[in-house]
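Here is what each chain is made of, one letter per residue.
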Amino acid sequence: MDVVGQVVGGGFGDILIRQKSGRRLEVGSLLVSEEDDSILILEVFGLEYGSQIQDGMRQMVSGVQLEREGDMRFYEGEFVHYVLARVKPLARISGGKVSIPKSLPTFFGRLRPISAGDLEFMKKGGDRIFVGRIRSGSEVLETEVWLPAEDVFSHHILIPATTGRGKSNLVKTILWHSLCSNRVGILVLDAHDEYYGRRGDGLSVHQRAGENLVYYTPDRPPPGAHSLSINLASILPEHFEGITDLSDAQSQALRVFHGRFKEEWLTRILTEDPAKRSEGARDKEIKTGTLVALQRKLKLMLDLEIVEGRQLVSRNGFFDVTKGATTARDIIGHIEQGKVVVMDTSRLGSEAELVAGNVIAAGLLDRYKQYKASGQLDRMPVASIVIEEAPRVIGEDVLSSKNSNVYATIAREGRKFKVGLVAVTQLSSAIPRAILANMNTKIILGNEMKQEREAVIASASQDLSDDDRNIASLDKGEAIITSIFVPFAMPIKIPLFDEIVKGASRAGDAPAKKPRVFG
Ligand SMILES: Nc1ncnc2c1ncn2[C@@H]1O[C@H](COP(=O)(O)OP(=O)(O)OP(=O)(O)O)[C@@H](O)[C@H]1O
């Protein structure tokens, strides 16, 4: 047996291992204790020195070496000084079945490194999505990790990390595998226009992009892509809720206009001339000051302007008076067919992006509620919405200071209707605990901020209370998956998206060069 260490003490959840000299255990290393009829997988969460020599003596020997450059050494140093690893049991595997460990490994038992053969029970392929390979410390095993797509998407995914740790790469990886089947329809609000692959490789080079990827952009759509504009008539007063700061009077004004003018309500608010308002009873409901402030706010947010003759025109062609009447309906239709819809919102401000997302998310949730009511939900694919910088819509301050919004509703109850969120964030601590706890799969990337690690650890599906340092030391693309759909918290390495594309083109699964034309 390839021994790396031996059990020398500790207790359940905090077992002390002496590291064999010449081996190097890392925080996150996975070890195996072979028992009679099972194996126990253990994970290193702490490392410290051990020595048989008292402190004072060690410091004196060091003094001789440093100050006199003397050759004073300990006889058979590997016996007297060593590294102690603190490990916790992760899983017991017996006859291909995984269970939560409830006992200690054999006292004085020797441990070996984990190998791919120990993890053969892990299921692959089918309606699962690939997220990476099992990692032991910084060593990557061959074992692939595939998550059950419908379950994880409908029960929400949280991707927490600080900047530059590989969030976008992970989202791309997940979307890539979602394109293989139609079991999950996904809306991606792509604020950096980075997923489709206009510049460099993106989802468009996937073998099935033609059938399963739909790209909407307001900026010179490539062949087969759709021009993205949303008609003002698609927007309802509630689409602004929980997105932008509106006073009570302003919210009231939105509703009054909607009640009076139905689909034309937004155009009417924006084009009403404050100077020509009559003092009739109807207008008293809305003060001129409120109207003027509302017009200013909406024009700025939606990038609209009033030109001669009180004509309303769109400056960026996104929110439009004439175009885009069916956009929201069409996008919802694509998601219902299990496609991935990438919406390039890179030209929009943050609030406008969220309003656009709201129009679609609210319509989608409504449709799925209807499917449930009519008994058709079972045959529908799961629907999911990828939202970056998630605290913008599900942050504590947003939800307490403004009315709730559709994203929060989805986070709380979307699961019942097969609608989920993929929330990407640098600030998990800004999301209320109840919502964090509802995100039943967390793919935790590196994070150097203690407060953020604590928020994620406190709401994890497995006990990660000893993993603070482990999470702090995660390198780019290294992650820990905690989920009600995995048997134990899994350390993984996410592949680089470019390598996935290269691998697919070698295997003939993706064209190597030009993006595909799709519709
Ligand atoms: N799985 C990975 N393996 C190796 N390197 C990676 C991996 N994922 C990302 N990287 C590296 O880290 C860089 C940043 O990745 P990415 O843009 O995905 O991070 P991010 O967290 O989305 O950053 P930002 O918050 O700035 O958008 C990439 O350019 C890439 O070089």
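Scoring rules and cut-offs
As a convention, each chain's residues are numbered from 1 in the sequence order in which they are written. Per-residue local features of the predicted model are confined to residues with pLDDT of at least 70, and side-chain atom pairs are confined, for both listing and counting, to 80 or more; whole-chain, interface and lining totals are unaffected and use all residues. Only hydrogens and water are set aside; all other atoms, that is, all heavy atoms of the structure, feed into the side-chain values. Each helix is a run of H or I in the DSSP string that is no shorter than four residues. Each strand is a run of E no shorter than two, and both are numbered from the N terminus. Contacts: residue pairs with any heavy atoms within 4.5 Å of one another. Throughout, the Shrake-Rupley method with a 1.4 Å probe supplies accessible areas, and for residues the shown protein chains are the sole cover considered. The charge count treats Lys and Arg as positive and Asp and Glu as negative. His and the chain ends do not count. Taken as the charge centre is NZ of Lys, CZ of Arg, CG of Asp or CD of Glu, depending on the residue. A pair of strands counts as paired when DSSP detects no fewer than two bridges linking them. An axis is simply a line fitted to the C-alpha atoms; with a helix, the fit covers only the stretch in contact. Between two such axes, the angle follows the N-to-C directions and lies from 0 to 180 degrees. Residues are labelled near a given molecule or strand when at least one of their non-hydrogen atoms is within 4 Å of it. In protein, a polar contact means a hydrogen-donor-capable atom and an acceptor-capable atom, both N or O and within 3.5 Å, with residues adjacent in sequence counting only if both atoms are side-chain atoms; elsewhere, any N or O pair within 3.5 Å suffices.

### Some remarks on the overall build of the protein
Working step 1: Helix and strand content of the protein: 18 helices and 23 strands.
Working step 2: Judged by the C-alpha coordinates and their principal axes, the protein covers about 100 × 50 × 45 Å.
Working step 3: Intrachain contacts of the protein at a sequence separation of at least 6 include 71% that bridge at least 24 residues.
Working step 4: With an accessible surface of roughly 23300 Å², the protein has 48% of that area assigned to carbon and sulfur atoms.
Working step 5: Each charge sign in the protein was given a centre, from 67 positive and 68 negative side chains, and these centres are 4 Å apart.

### Quick word on the sheet that holds strand β21 (residues 441-444)
Working step 1: Read across the sheet, 12 strands follow the order β9-β8-β23-β22-β21-β10-β20-β19-β11-β18-β12-β13 without closing on themselves; strand pairing throughout is mixed. Each end of this open sheet is capped by a strand with a single partner; those strands are β9 (139-148) and β13 (226-227).
Working step 2: The sheet contact formed by strand β12 (residues 213-217) and strand β18 (residues 340-344) spans 4 bridges and is parallel. When the sheet's bridge partners are listed, Tyr216 is paired in β18 with Met343.
Working step 3: Contacting β11 (184-190), β18, β19 (382-387) and β20 (419-425), helix α11 (residues 350-373) runs over the sheet at an angle of about 165° to β19.
Working step 4: Across the sheet, helix α14 (residues 406-413) is in contact with β11, β19 and β20; its angle to β20 comes to roughly 115°.

### Things to note about the site of the ligand
Working step 1: In the vicinity of the ligand, 13 residues are found, and the nearest of them are Thr163, Ser168, Asn169, Lys493 and Ile494.
Working step 2: Gly164 is positioned with one of its backbone polar atoms (N or O) 3.0 Å from an oxygen atom of the ligand.
Working step 3: Residue Ile494 places a main-chain N or O atom 2.6 Å away from a nitrogen atom belonging to the ligand.
Working step 4: Calculation on the ligand without its partners gives an accessible area of 630 Å², and the protein chains cover 65% of this total.
Working step 5: Looking at which element gives the most residues to the shell around the ligand, the answer is helix α4 (residues 167-178), with 3 residues.

This is a description of form; function is not addressed.
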